[in-house]
Amino acid sequence: MALINDHYLKLTKNYLFADIAKKVNAFKVSHPRSEVISLGIGDVTQPLCPAVTEAMHKAVDDLATKERFHGYGPEQGYMWLREAIVKNDFLPRGVHIDPSEVFINDGAKSDTGNIGELVRWDNSIGVTDPIYPVYIDSNVMIGRAGVMKDGQWSNVTYIPCSEANNFVPQIPDRRVDIIYLCYPNNPTGTVITKEELKKWVNYALKNDTLIFYDAAYEAYIQDESIPHSIYEIKGARKVAIEFHSYSKTAGFTGVRCGYTVVPKELTAATIDGSERLPLNPMWLRRQSTKFNGTSYISQRAAEAIYTPEGKRQVKATIGYYMDNALMMRNALTRLGLKVYGGENAPYLWVKTPGNTDSWKFFEQMLYGAQVVCTPGVGFGPSGEGFVRLTSFGERDNCEEALHRIGRWMNERL
Ligand SMILES: *Cc1c(COP(=O)(O)O)cnc(C)c1O
């Protein structure tokens, strides 16, 4: 008899976005004439840029010839892409990463979910709260999160990011083995300064903590002083693994490509504490066993992001989303709502008026304005009383959504 992994039974029943989809569908069934606008799920809407699609067409043609056909590639990714990453994403910021430290993936979700395999199931974890649900759920699946009690997992240290601390997470007063950080942040859209990030690196160095740093939104940073990579902080190479994704950077949510950096100096202890071993060869071993690489076409597409045209075109699309964000911020603020984020990230974190709870406000806005947001509490206990809006929509849709929210809010008064 095959016994199931019963940790799966502890998971909350549905993935957050499945719950939202269900409620939206229920609304659509009872209101068949209504046109619902979604500012909920974090998916992009603008097409791939020409530099990328040209590279993809060319890659397809390569595969159609005997001379340029590519079968299995290196599990770690093609060297030409890893070199382009090192040269463009890190060197200009004074960060030296070796291509052997870069692992091309099929998106950051896989790696942020899978990286936990490298460390024992009984490590303690810390997360900023609210948080991207994958970090916690992937730990629940292998039993590392403990048991759910009063909306919190027993082995997880929640580090609140709230209005009270202006969304600056405070260093915990106890040690944890593993910390997840995501900046610019999903869902709050807030960023971390170099000074604050330095505190986390120093905490990790002092407490022998491993940091998983998710930089999926670094391309949205507009403020020059905000760090794009944790490796901009001295000492981070010893303590941090960093995740990147082309999904939000260049609209690759359907193409699938990103990368993970595992520095050579990064080590973790063996159970008896007698030895420290580097995680880089372990991750290579893991990937070689369970992953056969990202498609040649996706990697050629990613390479094209680093050409001069690619850079220009990608920047223009990010500018489009950030113009949406600015317009949304201004309009919602004018309506008297308290809005955070949206300045260096494509997310706006909006406080619900009159302490309405997140799910209730979600339903009110759906039924009142036919606009879908994401209830903040779906990202963790500190998200209660907030909703997340994304600026990934079409301009017209964003404008129409704001118009409807305005009308609805005025009617509510
Ligand atoms: C969208 C997102 C990712 C990227 O996921 P992909 O698998 O690369 O599409 C990673 N982390 C966060 C926090 C995200 O919001």
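Reading the values: rules and limits
- Residues numbered from 1 in each chain as written.
- Predicted model: local features only at pLDDT ≥ 70, side-chain atom pairs only at ≥ 80, totals over all residues.
- Heavy atoms only, no water.
- Helix = DSSP H or I, 4+ residues; strand = E, 2+ residues; numbered from the N terminus.
- Buried < 20%, exposed > 50% of the residue type's maximum accessible area, 1.4 Å probe, protein only.
- Lys, Arg positive; Asp, Glu negative; His and termini not counted.
- Salt bridge = Lys/Arg side-chain N within 4 Å of Asp/Glu carboxyl O.
- Contact = heavy atoms within 4.5 Å.
- Near = heavy atom within 4 Å.
- Polar contact = N/O pair within 3.5 Å; in protein donor to acceptor, adjacent residues only side chain to side chain.
- Areas by Shrake-Rupley, 256 points an atom, 1.4 Å probe, with all protein chains shown as cover.
- Phe/Tyr/Trp six-rings, centres within 6.5 Å; stacked < 30°, edge-to-face > 60°.
- Lys NZ or Arg CZ within 6 Å of the ring centre and 35° of its normal.
- Pairing = 2+ DSSP bridges.
- UniProt positions renumbered as here; feature names shortened; annotations may be inferred.
- Right-handed = clockwise from strand over helix to strand, strands pointing away.

Peer 1: So, the side chain of Arg82: which residues are in play, and what are the values?
Peer 2: On the secondary structure map, Arg82 appears in helix H3 (residues 79–90). Although Arg82 lies buried, it forms no salt bridge, and the closest oppositely charged side chain, Asp98, sits 6.8 Å away as judged by the N-O distance. Residues in contact with Arg82, not counting those within four places in the same chain, are Gln76, Gly77, Pro99, Ser100, Val102 and Ile104.

Peer 1: I'd love a proper account of the site of the ligand, names of residues and values included.
Peer 2: Close to the ligand lie 14 residues; Asp214, Tyr217, Ser245, Ser247 and Lys248 are nearest. One of the backbone nitrogen or oxygen atoms of Lys109 is found 2.9 Å away from an oxygen atom of the ligand. At 2.7 Å from an oxygen atom of the ligand is found a side-chain nitrogen or oxygen belonging to Asn186. When isolated, the ligand has an accessible area of 380 Å², and the protein chains bury 93% of it. Within the residue set of the shell around the ligand, elements represented by two or more residues are helix H4 (108–114) and helix H7 (246–250).

Peer 1: Requested: an account of the environment of Asp323, with residues and values cited.
Peer 2: Within the element layout of this structure, Asp323 appears in helix H10 (residues 308–334). Along the primary structure Asp323 and Pro353 are separated by 30 residues, whereas in three dimensions their C-alpha atoms are 25 Å apart.

Peer 1: So what's going on with the packing of aromatic side chains? Which residues, and what values?
Peer 2: The geometry of two aromatic rings is summed up by the distance between their centres and the angle between their planes. Considering all chains together, one arrives at 27 aromatic pairs under this definition. Across from the ring centre of Trp80, 3.7 Å away, lies the NZ or CZ of Arg300, which sits over that ring. Here the basic side chain of Arg395 rests over the ring of Tyr320, its NZ or CZ set 4.5 Å away from the ring centre.

Peer 1: For the sheet that holds strand S17 (residues 386–390), give the residues involved together with the corresponding values.
Peer 2: Here we have four strands laid out as an open sheet, ordered S13-S14-S17-S16, and antiparallel in their pairing. Lying at the two open borders of the sheet, with one neighbouring strand each, are strand S13 (339–341) and strand S16 (374–375). Looking at chain direction, strand S14 (residues 347–351) and S17 are connected through five bridges and run antiparallel. Directly across from Leu348, in S17, lies its bridge partner Leu389.

Peer 1: Help me get a handle on the UniProt feature "modified residue: N6-(pyridoxal phosphate)lysine" (unreviewed entry) in the chain, residues and values and all.
Peer 2: According to UniProt, the feature "modified residue: N6-(pyridoxal phosphate)lysine" (unreviewed entry) maps to Lys248 in the numbering used here. Looking at the element boundaries, Lys248 is found in helix H7. The residues touching Lys248, leaving out its near neighbours within four places in the chain, are Gly42, Val44, Ala216, Tyr217, Tyr220, Thr253 and Phe392.

Peer 1: Tell me about the pattern of salt bridges, and name the residues and values.
Peer 2: Summed over the entire model, instances satisfying the criterion amount to 15 salt bridges. Between Arg68 and Asp62 there is a salt bridge, with the nearest N and O atoms lying 2.6 Å from each other. Put simply, Asp122 and Arg120 hold a salt bridge, and the shortest N to O gap is 2.8 Å. Beyond isolated ion pairs, a larger network of salt bridges with shared partners links Glu101, Arg237 and Glu265.

Peer 1: Kindly report on the pairing of strand S8 (residues 210–214), identifying the contributing residues and their values.
Peer 2: With five of five residues buried, S8 is to be regarded as a mostly interior element. On S8, burial covers both faces: Leu210, Phe212 and Asp214 on one face and Ile211 and Tyr213 on the other are all buried. Handedness of the crossover joining strand S7 (residues 178–182) and S8 through helix H6 (residues 194–207) is recorded here as right-handed. In terms of strand pairing, S8 meets strand S9 (residues 240–245) through four bridges, oriented parallel. Looking at S9, one finds that Ile211 is bridged to Ala240.

Peer 1: I'd like to hear about the pairing of S9, residue by residue, with values.
Peer 2: With respect to burial, S9 is a largely interior element, six of its six residues being buried. Side-chain alternation along S9 places Ala240, Glu242 and His244 on one buried face and Ile241, Phe243 and Ser245 on a second face that is also buried. Pairing geometry for S9 and strand S10 (residues 258–261), over four bridges, is antiparallel. Paired with Ser245 across the strands is Gly258, a residue of S10.

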